[in-house]
Amino acid sequence: MKILMVTSEAVPFAKAGGLGDAVSALSRALARAGHDVRIVLPRYYCVDRSKLRLIEGPLGVPVGVGEEWAAVYTSTLPGSELPVYFLEHERFFGRDGIYGDKAEPDFADNPERFAFLSRAAFQLCRKLSWIPDILHAHDWPSALATVYLRHAERFSEFAKTASVLSIHNLGYQGVYDKSSYPYFNLPWELFHGAGFEHFDRVNLLKSGITAADCLTTVSPSYAREIQTPDFGFGLDGLLRFRSPDLVGILNGVDLHDWDPTMDPYLPQTFSASDLSGKQRCKVELQREFGLPMDPSRPLVGMVTRLTDQKGVGELFGPLSGSAYRICSDMDLQFAVIGSGESWCEEELRSLSSRLPNFRAQIGYKERLAHLIEGGADFFLMPSRYEPCGLNQMYSLHYGTLPIVHRTGGLADTVENYNQETGTGTGFMFDHLTPRSIYDTVGWAVWAWYNRPAHIDTMRQRAMGRSFSWTRSAEEYQKLYDRALALVSEPPGPRAGASGSGATRRIHGPEAQ
Ligand code: ADP
Ligand code: GLC
């Protein structure tokens, strides 16, 4: 199959979170399975142009009034032959930040920037004389590509191309003032008809959920959760309507970047059969964070965006968060790397100055993320909701036992400890509160001191769990087949669709 990934992030070129890891890893796995996979993303300032090759001739993109012009650069995804295309547009992407910066966390012209990416994907294919079977968009930034396919491009050489939209995080929908709509170059009747309208504003993710032939999200539990009002962020009704076309496929661990036996960021590599390197990583982690170098103390690590989604209010909230009590009451060490909301960055600095056993580094540092995964004994992830979560899978793989809220992908990947039998791969709590985090970290610390044999066997078990992208890629292939079958099927009532009057090709506002 020819598969085009339209995305705002792909490691190692541009990453703000797990989306970048997931897109590159999935693409690599699909390419390994024999598919012709290509990736298109913006050429942000962080992508070094000197390492790319310019493709002759500019690209004209029909957005706004007339056309916008882009230069196209290309390279390959490391560890593969897979072509990556970068769209250069100085006004849109010639600045620091993928979605925003400190001064402006969500750039005001994001609807234009990402509409441009979404429409340019088609022009790029024309330029390359390469028409994909599958156009795979990810999250709100490229959701519009599925709308352009359904409402504009399918009447051209893209007639047989099917679209898939992956929802990596429903909490971010790309909602903007409707004054951005004319820039998309779509008729006003589609403002309502294609599902853009959201309380009189434009909702990019909603339009993609309405338009895409098939939908995925990144774990089976999250696929169920987003169809409920508690996790649906206002789109649960639409997602229930689209549920016949929605599947949850778990992300994997990309061994190209995350393998403790070869990880170049670790001071010493290790494996389940020889954990001596992990001891060395722990000492190095303690040294690097200025914690006492004591192998006997349990070390709890965290690598996280500092946003409400990650449970940082319950953990670090200055008045009610449990981190201070955890560190003052328990004989443990705590090392965090994170960046995000400024109140939280401030609080982490403050805790570091007040507690001898708590240290935080503020910023985004790949090497330290690997060192924490390698050197910590436990990994804390008290997310309010978690579509999949990669860090807990990296932790399992690095023998660092996760302490998690039982939600989304965390529920699908971690097995709770049973202190009678010693089974499990981590420690879980059911309701996110400061108290439940406190109790569950306390439980893990209790096991560390009182059930060391259980900790050892859990570690072995965790490292033996396989989260393979190859398996996930097989599920995506099945979904792609389904999407292609939908496109070649004549319009009419859809087999298996729930409710009356549901048709395959029209997912209009009546669906909500
Ligand atoms: P999300 O995408 O919601 O942030 P994931 O667990 O799926 O959560 O992925 C997070 C990714 O971002 C991981 O690869 C993690 O190592 C990385 N990451 C997050 N914060 C930092 C940081 N401060 N420094 C380095 N890497 C980070
Ligand atoms: C999002 C989610 C995270 C998921 C990642 C990759 O950022 O918050 O749970 O692992 O996307 O799919």
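Caption draft 1: Highlighting the site of ligand 1. Residues in close proximity to ligand 1 total 21 residues, the closest being K15, G18, R305, K310 and G363. Note that an oxygen atom of ligand 1 is positioned 2.6 Å from one of the backbone N or O atoms of G18. Measuring from an oxygen atom of ligand 1, one finds a side-chain N or O atom of R305 at 2.7 Å. Within the complex, the protein chains bury 94% of what would otherwise be the 550 Å² of accessible surface of ligand 1. At the level of secondary structure, the elements contributing two or more residues to the shell around ligand 1 comprise α1 (18-32), β13 (299-306), β14 (333-340) and α14 (391-397). The greatest single-element share of the shell around ligand 1, amounting to three residues, is contributed by β13. Taken domain by domain, the makeup of the shell around ligand 1 includes at least three residues from each of domain 1 (2-252 + 471-511) and domain 2 (276-463).

Caption draft 2: Summary view of the site of ligand 2. Of all residues adjacent to ligand 2, which total 14 residues, the nearest are H168, N251, E386, C388 and G389. Between ligand 2 and N251, the relevant distance is 2.8 Å, taken from an oxygen atom to a side-chain nitrogen or oxygen of the residue. C388 places a main-chain nitrogen or oxygen 3.0 Å from an oxygen atom of ligand 2. About the coverage of ligand 2: the protein hides 93% of its 310 Å² of free accessible area. Per element, the largest residue contribution to the shell around ligand 2 is three residues, and it comes from α1. Class assignment of the residues belonging to the shell around ligand 2 gives a composition of six nonpolar, six polar and two charged. When residues of the shell around ligand 2 are sorted by domain, at least three fall in each of domain 1 (2-252 + 471-511) and domain 2 (276-463).

Caption draft 3: Region of interest: the sheet that holds β13. Taken together, the six strands give an open sheet; going across it, the order is β15-β14-β13-β16-β17-β18, and neighbouring strands pair in parallel fashion. The strands lining the two open edges of the sheet, one partner per strand, are β15 (358-362) and β18 (427-429). Strand-to-strand, the axes of this sheet are offset by a mean angle of 15 degrees, without reference to chain direction. In this structure, strand β16 (residues 378-381) lies alongside strand β17 (residues 401-405), joined through four bridges in parallel fashion. Bridge pairing in β17 links M381 to V404. Docked against the sheet, helix α12 (residues 342-354) engages β13, β14 and β15, running at close to 140 degrees with respect to β15.

Caption draft 4: Layout of the nonpolar core. Residues F184, F196 and I209 are the most contacted members of the largest nonpolar core, which totals 97 residues. Examining the composition of this core, we find that nine residues originate from one element, helix α3 (residues 110-128), more than from any other. When residues no more than four places from it in sequence are discounted, the contact partners of F196 are L144, V147, Y181, F184, L186, L190, F191, R201, V202, N203, L204 and S207. Of all hydrophobic cores here, the second largest spans 69 residues; its members include L250, V253, F270 and C281.

What counts and what doesn't
Residues numbered from 1 in each chain as written. Chains lettered and ligands numbered in written order. Predicted model: local features only at pLDDT ≥ 70, side-chain atom pairs only at ≥ 80, totals over all residues. Heavy atoms only, no water. Near = heavy atom within 4 Å. Polar contact = N/O pair within 3.5 Å; in protein donor to acceptor, adjacent residues only side chain to side chain. Areas by Shrake-Rupley, 256 points an atom, 1.4 Å probe, with all protein chains shown as cover. Helix = DSSP H or I, 4+ residues; strand = E, 2+ residues; numbered from the N terminus. Domains from an automatic or database assignment. Nonpolar A, V, L, I, M, F, W, Y, C, P; charged D, E, K, R; others polar. Pairing = 2+ DSSP bridges. Axes fitted to C-alpha atoms, helices over the stretch in contact; angles between N-to-C directions. Contact = heavy atoms within 4.5 Å. Core = buried A, V, L, I, M, F, W, Y, C linked by side-chain atoms within 4.5 Å. Buried < 20%, exposed > 50% of the residue type's maximum accessible area, 1.4 Å probe, protein only.

The values are spatial; any link to function lies outside them.
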